[in-house]
Amino acid sequence: MSVHPVEPPAGGLIPRPERSPEALRIALARIAPHRLGEMEQQKNEAFALAAEHNNLGPIRQWLTIWAAEVEIERRPDLATRRRNAEHAAHTLDKDDPAWRAAMDEILAVLNEAREATAGAGRGSTTLTKITSWAAPRLL
């Protein structure tokens, strides 16, 4: 399977890949190969949960999460915003109002990435809280 662009690469380091496990893996290998182990581990967990519960929900969720992660990694604007917000979240005291602003920025980046990769007919994927699957780098 290959990566097929759905938009020109002018908006990012590489074209946006199809929303399939192999296309996302190939794209991630090109832009953030250091994250491939994390992606593979979560894919294995998602497939195990899907098999255990006879439900494709975990696989769909994994695709949503990693399509957004690839979107963030391929777009320097989103990657920089998230990196700066994560730095603030890790270094500020949780009582500091700037910590809440940093967390809000992380959610805004994730939401923007998910909306960009949602595609027709998938509906809204807006996040309202951070979970271990939605923000694997924070937890």
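Every value quoted in this text rests on a predicted model; they were computed, and no experiment measured them.

Engineer: I would appreciate a short explanation of the nonpolar core in the present structure.
Structural biologist: For soluble globular proteins, the rule of thumb is that nonpolar side chains tend to be buried together. Counting 16 residues, the largest nonpolar core has Leu24, Leu28, Met39, Trp62, Leu63, Trp66 and Val70 as the members making the most contacts within it. For this core, the secondary-structure elements that each account for two or more residues are α1 (21-31), α2 (36-53) and α3 (57-74). Considering each element in turn, this core owes the most residues, seven residues, to α3. For Leu24, the residues in contact, after removing those within four places along its chain, are Pro17, Glu18, Met39, Leu63, Trp66, Ala67 and Val70. Core analysis: the next-biggest nonpolar cluster, separate from the first, contains 14 residues, Ala79, Ala88, Ala102 and Met103 among them.

Engineer: Mind showing me how you'd approach the packing of α1 against α3 here?
Structural biologist: Packed helices, taken two at a time, are described by the angle their axes make and the gap between the axes. Across the interface, α1 lies against α3 with an axial gap of 10 Å and an inter-helix angle of 30°. Judged by the angle between their axes, α1 and α3 are roughly parallel. Our pair here, α1 against α3, has a crossing hand that is left-handed. Along the contact surface, α1 presents Pro21, Leu24, Ala27, Leu28 and Ile31, while α3 presents Trp62, Leu63, Trp66, Ala67, Val70, Glu73 and Arg74. For the contact of α1 with α3, a count of residues per class yields ten nonpolar, no polar and two charged.

Engineer: Help me understand the confidence of the model for the protein in this model?
Structural biologist: Do not read the predicted coordinates in detail wherever pLDDT is low. Looking at the protein as a whole, its pLDDT mean stands at 85, while 78% of the residues score no less than 70. Within the model, the stretch residues 1-8 combines pLDDT values under 50 with 20 contacts to residues more than four positions away or in other chains. Below pLDDT 50 for its whole length, residues 120-136 participates in 39 contacts with residues either more than four positions away or in separate chains.

Engineer: Would you mind showing me how to read unusual backbone geometry here?
Structural biologist: Outside of glycine, negative phi angles account for most residues, and trans bonds account for most peptide bonds. For Asn54, which is not a glycine, the phi torsion comes out positive at approximately 50°. With respect to the secondary-structure elements, Asn54 resides in the loop between α2 and α3.

Engineer: Just to check I follow, could you spell out the packing of α2 against α3 for this structure?
Structural biologist: Contact pair α2 / α3: the axes reach a minimum separation of 8 Å and the direction vectors enclose 160°. Taken as axis vectors, α2 and α3 run roughly antiparallel relative to one another. Residues Glu38, Met39, Gln42, Lys43, Ala46, Phe47, Leu49 and Ala50 of α2 pack against Pro58, Ile59, Trp62, Ile65 and Trp66 of α3.

Engineer: I keep staring at α2 and nothing clicks. Help me out?
Structural biologist: Two residues of an α-helix separated by three or four positions point the same way, owing to the 3.6 residues in each turn. With 18 residues, α2 ought to run about 26 Å at 1.5 Å a step, and its terminal C-alpha atoms sit 26 Å apart, in line with that. When α2 is considered as a whole, its buried residues turn out to be Met39, Gln42, Ala46 and Ala50. The buried residues of α2 occupy one face: seen down the axis, they fall within an arc of 75°. Exposed residues lying more than 90 degrees from the buried face of α2 are Ala51 and Glu52. Elements in contact with the buried residues of α2: α1 and α3. Asn54 sits one or two positions beyond α2 and adopts a positive phi of about 50°.

Engineer: Explain the side chain of Arg75 here, please?
Structural biologist: With respect to the helices and strands, Arg75 occurs in the loop between α3 and α4 (76-91). Those residues within four positions of Arg75 in sequence are excluded, and the remaining contacts are Gly11, Gly12, Glu112 and Ala116.

What counts, and where the lines are drawn
- Residues numbered from 1 in each chain as written.
- Predicted model: local features only at pLDDT ≥ 70, side-chain atom pairs only at ≥ 80, totals over all residues.
- Heavy atoms only, no water.
- Core = buried A, V, L, I, M, F, W, Y, C linked by side-chain atoms within 4.5 Å.
- Buried < 20%, exposed > 50% of the residue type's maximum accessible area, 1.4 Å probe, protein only.
- Helix = DSSP H or I, 4+ residues; strand = E, 2+ residues; numbered from the N terminus.
- Contact = heavy atoms within 4.5 Å.
- Axes fitted to C-alpha atoms, helices over the stretch in contact; angles between N-to-C directions.
- Parallel < 35°, antiparallel > 145°, perpendicular 65-115°, else oblique.
- Left-handed = near helix turned anticlockwise from the far one by under 90°.
- Nonpolar A, V, L, I, M, F, W, Y, C, P; charged D, E, K, R; others polar.
- pLDDT = per-residue confidence, 0-100.
- Expected span 1.5 Å × (residues − 1).
- Arc of directions from axis to C-beta.

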